[in-house]
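Okay, here's what each chain looks like letter by letter:
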Amino acid sequence: MSEDCIFCKILNGDFGTEFVYENEYLAVFNDIHPKAPVHMLVVPKVHVASLNELEDKHLMGELLAGVKEAAKRAGLKAYKTQINTGKEAGQEVFHLHIHVMGRK
């Protein structure tokens, strides 16, 4: 965990954020600035700055499984995923996260 990372604080329970789904590896919560009717973030519980820093292949698989589970729980049959890697690509929070966006 990083003390000044907003996602680490959310994962730590500092804001009382409600999770759509959670397991030992990740948590899923709604984006506070949604770009679609359903817009969730899949976030690993360990602090990893971006996809470029992720080396754990097991965690990679868990994150994708988390995307599928979040979409299922939200009732999405079709959805878009997005990972911004690096400031130039639009990454605003430097804690790896996968956007899951769609319509019910």
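Counting from 1, residues in each chain are numbered in the order their sequence is written. Whole-chain, interface and lining totals are the exception, using all residues; otherwise, since this is a predicted model, local features are given only for residues with pLDDT of at least 70 and side-chain atom pairs are given and counted only at 80 or more. With hydrogens and water excluded, all non-hydrogen atoms of the structure serve as input to the side-chain values.

Q: Hey, could you go over the packing of aromatic side chains for me, with residue numbers and the actual values?
A: Paired rings are identified among Phe, Tyr and Trp, the last through its six-membered ring, by centres lying within 6.5 Å, and are further divided according to the angle between planes into stacked (under 30 degrees), edge-to-face (over 60) and tilted (the rest). With the rule as written, the count across this model stands at two aromatic pairs. Taking the centre distance of 6.2 Å and the plane angle of 40° together, the rings of Phe-19 and Phe-29 count as tilted. Of this pair, Phe-19 sits in the loop between helix H1 (6-11) and strand E1 (21-22) while Phe-29 sits in strand E2 (residues 26-30), and the two are ten residues apart along the sequence. An aromatic cluster is built from Phe-7, Phe-19 and Phe-29, whose rings are joined through pairwise contacts. The numbering of helices and of strands both runs from the N terminus, where a helix is a DSSP run of H or I of at least 4 residues and a strand a run of E of at least 2.

Q: Hey, could you go over the environment of Lys-45 for me, with residue numbers and the actual values?
A: With respect to the helices and strands, Lys-45 occurs in the loop between strand E3 (38-44) and helix H2 (57-73). Between the C-alpha atoms of Lys-45 and Leu-26, which are 19 residues apart in sequence, the distance is 4.9 Å. Two residues qualify as a contact provided that any one of their heavy atoms is within 4.5 Å of a heavy atom in the partner residue. Residue contacts for Lys-45: discarding those within four places in its chain leaves Met-1, Leu-11, Glu-22, Asn-23, Glu-24, Tyr-25, Leu-26 and Ala-27. Within the local environment of Lys-45, its side chain forms a polar contact with the side chain of Glu-22, the two groups lying 2.8 Å apart. Only 2.8 Å separates the side chain of Lys-45 from the backbone oxygen of Asn-23, close enough to count as a polar contact. Side-chain atoms alone can form a polar contact between residues adjacent in sequence; in general such a contact is a pair of N or O atoms within 3.5 Å, and within protein one must be able to donate a hydrogen while the other accepts it.

Q: Describe the nonpolar core, naming the residues involved and giving the relevant values.
A: By size, the foremost hydrophobic cluster in this structure holds 18 residues, and its most contacted members are Val-28, Met-40, Val-42, Leu-63 and Leu-76. With five residues, the single largest contributor to this core is H2. Setting aside residues up to four positions removed in sequence, Leu-76 forms contacts with Val-38, Met-40, Ala-71, Val-100, Gly-102, Arg-103 and Lys-104. Core analysis: the second largest hydrophobic core is formed by ten residues, Cys-5, Ala-27, Phe-29 and Val-43 among them. As used here, the term nonpolar core means buried Ala, Val, Leu, Ile, Met, Phe, Trp, Tyr and Cys residues forming a set that is joined through side-chain atoms within 4.5 Å. Between buried and exposed lies partly exposed: a residue is buried under 20% and exposed over 50% of the maximum accessible area for its type, with that area taken using a 1.4 Å probe on protein chains only.

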